[in-house]
Amino acid sequence: MSLTPNDMLSALASIGLDGIIANGLISTAGVKPLNRKVAIYGDSRTANCSSGTAPNSFTENYGYASWLGQYSGGRICFDPAYNFGVGGNTTAQWAARVNDVIASDADIVVCLISTNDRTADFTLAQTQQNIEATVNKLKAAKKIVVFIAETPRGGANALTPARQVVHDQTRDWIKTYLPKLGVRVVDVYDQLLDTAANTVDGLHPNPVGARVIGEGLAKQIQDLFDSPAMLPRFSSLFDATTNRFGQLNSNALLTGTAGTLVGSANTNGVVADGYSVSGSSWSGMTVTASKEVGLNGERQVLKFSGTPTSTGSLYTFEQVVPIASAKAAASIKGVAHILFEMTGCLGVSLDLRVVDGATSNVKCCDRYQEGFPMSSVKVSGVQETPVANISGTATEVKIRVSVYGSQNLPMSGTIKISQLAAIAA
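This structure is a prediction, so every number in the text was calculated from the model and none was measured.

Caption draft 1: Focus on the pairing of strand S14 (residues 331–343). As judged from the two bridges shared by S14 and strand S18 (residues 388–389), these two strands associate in the antiparallel manner. Looking at the pairing, Ser331 lines up with Asn389 of S18. Pairing between S14 and strand S20 (residues 412–424): 11 bridges, direction antiparallel. Within S20, the residue paired with His337 across the bridge is Ser418. In the sheet, S14 pairs with strand S17 (residues 379–384) via six bridges, with the strands oriented antiparallel. Within the sheet, the bridge partner assigned to Leu339 lies in S17 and is Ser380.

What follows is the structure, given as structure tokens:
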């Protein structure tokens, strides 16, 4: 049996790709892959997933969508252009913007909304009607709809007892009713109950809480995608005519040990050919650099210990991208597989740094502010930057893995980098 594309989208929303195959409705050979784009649609908790004004563009590690690539094997791509979050939105304001979301070419729409209804004293019925009507419009437009069930509120943003009752009722309704409409629901409420540990203010996720939501969301939707980010598997340099999707940088597989240890890095050991490590406001920290065999090429291993004594502590592992190749590609992005297990670390991000008169950056998983470190769990996955557009007047492009510390907060742990490439977007 074969399904039309529209039938496929509806079936995927209700039982998923694995369910279709398990029930014998279609073979894997006939599955139409969805595009890797995900639209996120909600209030400030969604708006916080990205920031920056062109040419700067950042996904933020205190936003849940920034973690999707790392927890889906690179199958899901979050691009800030698909962020439809607006701070302060009620479900009524959110519903009024649905046509903007429908107009996007993302197949998947992830929704997180209703917390502002409580402080605006919407009734449960008003919230339900706004959500259901919007979901139906999205589904009529052949979007696959995913809902993140409501998250806890505490501290300065705790609800009154009466409002908390409606908040809980809304969450229960999202979990029990929306699946009947073919909506996938992600519920991580119980994992976020400690709002002091998981939020910056009792409501908005910090990097700890955002990772929890992002992991739960990735697990719920990753089966809808089968085209992961294109990590390099062999050395194959970019050529505008013969190899447009080759690597722009010269050593994407991180082989060799002839890299440069800049004195400010406080680093001993060896670094991959063509790369350098350096530090800024890095006093108090030491790093041991080593190499190990990877599945494709080699891994750069960086082991951290110490306590930064200054604000803005930053460590970079970077390589200059040949400017002629970057200009020929015109639009580029960075990809890498990065494993980290760090304590006291604000963030581990993949960056493209572009000098074109002024300096601009596109970053995946940029860090939050001083004093809000990530959780110390092991994360192993794919990071992928937003797109950087390279003009004919650009003078320098670098690809970097950046590690951020926090003043007077001990930082330790290990980062392993592999398959690090700048590629044409």
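Read on, since the account is not over.
Caption draft 2: Structural detail: the sheet that holds strand S4 (residues 83–85). Here we have five strands laid out as an open sheet, ordered S4-S1-S5-S6-S7, and parallel in their pairing. The sheet terminates laterally at S4 and strand S7 (184–186), the two strands that pair on one side only. Within this sheet the neighbouring strands show an average axis-to-axis angle of 20°, counted without direction. Sheet topology places strand S1 (residues 38–42) next to S4; three bridges connect them, and they run parallel. Along S4, the bridge assignment pairs Ile40 with Asn83. Set on the sheet, helix H6 (residues 124–140) makes contact with S1, strand S5 (108–112) and strand S6 (144–148); between it and S6 the angle comes to about 150°. Helix H9 (residues 207–221) rests against S5, S6 and S7 of the sheet, and its axis sits at about 155° to S7.

Caption draft 3: Structural view of H6. With 17 residues, H6 should cover 24 Å at 1.5 Å per step; its first-to-last C-alpha distance of 24 Å lies within 8% of that length. Just beyond H6, the residue with positive phi is Lys142, at close to 70°.

Caption draft 4: Looking closely at the confidence of the model for the protein. Summary statistics for the protein give a mean pLDDT of 93 and a share of 92% for residues scoring 70 or more. Across residues 24–32 the pLDDT falls below 50, and counting only partners more than four positions away or on other chains, this stretch makes 15 contacts in the model.

Caption draft 5: Geometry of the layout of surface pockets. Space inside the largest pocket adds up to approximately 190 Å³. Lining the largest pocket are Leu231, Gly294, Leu295, Asn296, Arg299, His337, Leu339, Ser380, Lys416, Ser418 and Gln419. Considering each element in turn, the lining of the largest pocket owes the most residues, three residues, to S20. When grouped by side-chain class, the residues that make up the lining of the largest pocket number three nonpolar, six polar and two charged. Looking at the second largest pocket, it is lined by 13 residues, and the ones nearest its centre are Pro55, Val354, Asp356, Ser360 and Asn389.

Caption draft 6: Here's a closer look at H9. Look at H9: 21 Å from first C-alpha to last across 15 residues, which is about the 21 Å you get at 1.5 Å a residue. Of all the 15 residues making up H9, 13 are buried; the element is thus mostly covered by neighbouring parts of the structure. Capping the start of H9 is the job of one residue whose side-chain oxygen sits 2.9 Å from the backbone nitrogen of Val208: Asn206.

Caption draft 7: Local environment of empty space enclosed by the protein. Evaluated as defined, the whole model comprises three cavities of 30 Å³ or more. Its volume calculated, the largest cavity comes out at about 100 Å³. Contributing to the lining of the largest cavity are Thr59, Ala65, Ser66, Gly69, Gln70, Ile76, Cys77, Phe78, Cys364, Val382, Gln383 and Glu384. In terms of residue count, the dominant contributor to the lining of the largest cavity is S17 (three residues).

Caption draft 8: A look at the sheet that holds strand S2 (residues 50–51). Here we have eight strands laid out as an open sheet, ordered S2-S3-S16-S15-S19-S13-S10-S8, and mixed in their pairing. What marks the edges here is a single partner per strand, and that holds for S2 and strand S8 (260–261). Where strand S15 (residues 347–356) lies against strand S16 (residues 358–366), seven bridges are found, and the strand directions are antiparallel. Bridge pairing links Arg353 to Asn361 in S16.

Caption draft 9: Molecular detail of the nonpolar core. In this structure, Tyr64, Phe304, Phe317 and Leu420 are the most contacted members of the largest nonpolar core, which totals 75 residues. For this core, the leading source of residues is H9, giving six residues. Other than its neighbours up to four places away in sequence, Leu420 contacts Pro232, Asn249, Ala252, Leu254, Tyr275, Phe317, Val335, Ala336, Leu350, Ile399 and Val401. Judged by nonpolar contacts, the second largest core, of 24 residues, contains Tyr41, Trp94, Ile113 and Ile131.

Rules and cut-offs
- Residues numbered from 1 in each chain as written.
- Predicted model: local features only at pLDDT ≥ 70, side-chain atom pairs only at ≥ 80, totals over all residues.
- Heavy atoms only, no water.
- Pairing = 2+ DSSP bridges.
- Helix = DSSP H or I, 4+ residues; strand = E, 2+ residues; numbered from the N terminus.
- Axes fitted to C-alpha atoms, helices over the stretch in contact; angles between N-to-C directions.
- Contact = heavy atoms within 4.5 Å.
- Expected span 1.5 Å × (residues − 1).
- pLDDT = per-residue confidence, 0-100.
- 1 Å grid on protein atoms, 1.4 Å probe; cavity = no way out; pocket = protein on both sides within 12 Å on 5 of 7 lines; lining within 4 Å.
- Points joined across faces, edges and corners; volume = space filled by probe spheres on them.
- Nonpolar A, V, L, I, M, F, W, Y, C, P; charged D, E, K, R; others polar.
- Buried < 20%, exposed > 50% of the residue type's maximum accessible area, 1.4 Å probe, protein only.
- Polar contact = N/O pair within 3.5 Å; in protein donor to acceptor, adjacent residues only side chain to side chain.
- Core = buried A, V, L, I, M, F, W, Y, C linked by side-chain atoms within 4.5 Å.

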